[in-house]
Amino acid sequence: MTTAKRALRAVVLAAGHDVATRDLLLQPLAGSTVIEQTLANVTAVVPKQDVIVVVAEHDPSVRAHLGEGWNYVVQTVQAGTGDAVRCARFELEGFDGDVLIAYGDTPLLRSASFRGLLWRHRLKAAPFSLLTAVLAEGLDYGRIRRDGDGQITGIVDGADLSADSEQITEVNVGAYVVDNALLIPELDIMAASGEHRLTELAQRLIGQGGTLASYAIVDAGEVQGINSDEELQAAADIVLKRLFAPQHAVETGEISFGTGGWRALIGEGFTIHNVRRLCQAIANEVTRSGRERMGVVIGGDRRFLSRESVVAAAEVFAGNGIHVHLLTEDVPTPLVTFAAPYLGTAYSLVFTASHNPPQWNGLKVFRADGSLPLEDETGALTAEANGFSQADVVSIGLDLATAVGLVTEIDLTNPYIDAIERIVDVQVIRRAGLRVVVDAMYGTSQLTLGTILSDARCRTEFIHDRHNPLFGGRSPAPDPERLSTLIDIVRNGGRRFDLGMATDGDADRIAIIDEQGRFISTDDLLLLIYWYLHEVRGERGGVVRNLATTHLLDRLADAFGEQHREVPVGFKHITAGMDEIDAVLGGESSGGLTVRGHIKGKDGVFACALVVEMLARTGKRLGELLETVYAITGRLHQREHGVPATPDLRVELPRRMATAAPREVAGYPVTRIDSYDGIKIHLEGGAWALLRFSGTEPVLRMFVEAETPEKADRLITWLEAFASGDPAPGSPGTVPEPVRGDGPQPESPGTVPKPVRGDRPAGSPMERSR
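Residues numbered from 1 in each chain as written. Predicted model: local features only at pLDDT ≥ 70, side-chain atom pairs only at ≥ 80, totals over all residues. Heavy atoms only, no water.

1. A closer look at the packing of aromatic side chains
Taken as a whole, this structure holds 7 aromatic pairs when the rule is applied. Ring geometry for F128 and Y176: centres 5.4 Å apart, planes at 50 degrees, overall tilted. Here Y176 lies in strand β10 (residues 170-179) and F128 lies in strand β7 (residues 128-134), a separation of 48 residues in the sequence. The residues F128 and Y176 share a single accessibility class, namely buried. Look at F338 and Y342: their rings are 4.9 Å apart centre to centre, the planes differ by 25 degrees, and that puts the pair in the stacked class. You can see F338 and its partner Y342 sitting in helix α13 (residues 333-343), 4 residues apart, about one turn around the helix. For F338, a relative accessible area of 8% gives the class buried. Clustering of aromatic rings is evident, with ring pairs tying together Y103, F128 and Y176. Lying over the aromatic face of W70, K48 brings its terminal NZ or CZ to 4.6 Å of the ring centre. When the ring centre of W688 is taken as reference, the NZ or CZ atom of K680 above it lies at 4.3 Å. (Phe/Tyr/Trp six-rings, centres within 6.5 Å; stacked < 30°, edge-to-face > 60°. Helix = DSSP H or I, 4+ residues; strand = E, 2+ residues; numbered from the N terminus. Buried < 20%, exposed > 50% of the residue type's maximum accessible area, 1.4 Å probe, protein only. Lys NZ or Arg CZ within 6 Å of the ring centre and 35° of its normal.)

Put into structure tokens, the structure is as follows:
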């Protein structure tokens, strides 16, 4: 037996009791306001056009703040919460369905709790249902009385609590679902006898023999008070922690871009449904900008659901009349980056989660010039996509789209390889007779990189190159701990190999192993490549790095008389910085780089080929080349560590830095703190320490760089202690102002009036008896 889904509308009570209680609705809360957070949760369940907002007659503040687009009704006489609902009589007249009633000052009630209440209401076929919670301390909420069978027998308002009822721990949270057929008629009868409280409506229905249903929430944070500065700050923390919680995407189903595109767990955030919604938003943008004739390129890697996502995306774009160049095989991300400017398309898309674990997938989107969209662009796309239902998506089947020419299969392997070989000197490599081994990490580099190295007559062996969407049970990230097989092959090969190389899952990042089996950090690799491009190939220009990458690049640029630039994490910032100063190289310590004249994105295939050319042209080993560079720059030593980024940590760490910034780190004086992307602490002598939450994984990353290994070890130990909340590692005090602007910090709300309690007229925000 199935339960029919009834029509639903909502009434949100925001008229308040006085100016103070209405001002409370407008207090800042986690980037918005109390009333906006409440409405966001309600509209996650009830469409905005079906939400009625009750406002006060002579106070336009709430209405002015929310703006047009809401269905407002005015309460002229504030006689109680039931009277506030009666003000919506004309909007509810003739409506056959249920009405969700919520209070404007309940921003912490989850949309999931509203859904739970609605399901309980429908499944129990109840005329009246309410949201409850069990609290260790009932505060001043009304209490729920039940009989021995668990049926609700009454609601005791906060103002009417006796010593006996105060012992009851189940409270009335203040959200209701009522059958509209009885809602206004029953409230009218009550009003005639001078009763205006919604809780009395529940009591009246019980007296008539009706059975009330309830849904109990279990998260005490949903009933956090907001009556003071401290409570409002605690509420802001709760909202932020929910945003950072792993289950947030599951509850909301929302699409969200990080520094490397959209990534999510397969079957939770990453679904074909979300793929279609996001592609519809991108298709809409193509249409709005009049670029339908330019078309798009779509490809994918070897992950689970990548091919299915490619097909679903192609069907959506075709359904919107936008031509699709469909890449026929799994491809490296750099090839898709190359594809947009090569074919002149509006966008290119690749389904991949890069180096994330196998249970993840995602989407990277590139603009017509091959660059990544900036935050305002991805924010607009996701906002539109998250507002779509499946019914909003337009698509046609792939077979039909192919038959009518809206989808065309294409192979760009050769054009992409040709573009790399126009930059990398294949002839130089041919004369060197090098032997290399490559760990493809079960990714997508072997065809393109293997072809380039074969063209260069470089003897190459690949490992981990077969199709395995589980990536051998590990994340396909080219970190030292995941490259033990590659390192062993080179180290124990009896000088058989001149070089070991690895690419990540989508081949946009690399790792290098020297001829002795030693891992060469990307910081050192970037130094080598910049020196090689500038001093050996004669390519003049500056260098761009992100804030987590070695400052030795700055020293090298200074020695060359060239410009250097630090940018936030995210390769879109690297390429933008390169354009600004016409840099010859841009890179990041996580393993991504590109050069002037190549694509506007990181390219592991190209980077591997360039490293082979460097060894071939110079005739030197990596260790020798590094000593040459160190003679110019001196030495700095790096350390990196990561810890799980819990929701608590993501809220507390920025606040701790804002309120108790250290004057010294591990005994070394602080000269400056930057907070434009994470928290970067500059120290005397050129050392620095960085705390930054990853934009692609739930991890807090820590980076340090210092003049000696011992100092670097002390700095990373200090960061670990600071991140864990240890008050001992530094001394709080005043430090120089951040020079690049403050990053996002928790809200610091102003004074909040503390209203009186009890049942007040007209949907007062602070009516906790409810």
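2. With respect to the pairing of strand β33 (residues 699-706)
Burial within β33 is extensive, with 7 of its 8 residues counted as buried. With 8 bridges joining them, strand β28 (residues 637-644) and β33 adopt antiparallel strand pairing. Along β33, the bridge assignment pairs E640 with F703. Pairing geometry for strand β32 (residues 688-693) and β33, over 6 bridges, is antiparallel. (Pairing = 2+ DSSP bridges.)

3. Concerning helix α20 (residues 522-536)
For α20, built from 15 residues, the straight-helix expectation of 21 Å at 1.5 Å per residue is met to within 8% by its first-to-last C-alpha distance of 20 Å. For α20, a buried count of 13 out of 15 residues is recorded, marking the element as mostly surrounded by other parts of the structure. The first or second residue beyond α20 is G538, which carries a positive phi of 70 degrees. (Expected span 1.5 Å × (residues − 1).)

4. Structural notes on the environment of G500
Its location among the elements puts G500 in strand β21 (residues 499-503). Here G500 falls in the buried class, since its relative accessible area comes to 0%. Spatially, the C-alpha atom of G500 lies 6.3 Å from that of D514, the residues being 14 residues apart in sequence. Ignoring any residue separated from it by four or fewer positions in sequence, one finds G500 in contact with V437, L486, V490, A511, I512 and I513. (Contact = heavy atoms within 4.5 Å.)

5. Thoughts on unusual backbone geometry
Not every positive phi belongs to a glycine, and M441 is a case in point at roughly 50 degrees. Tracing the backbone through its elements, the reader meets M441 in the loop between β19 (435-439) and α18 (446-455). A positive phi angle, near 55 degrees, is found at R457, a position not held by glycine. Summarising the element assignment, R457 is placed in the loop between α18 and β20 (459-463).

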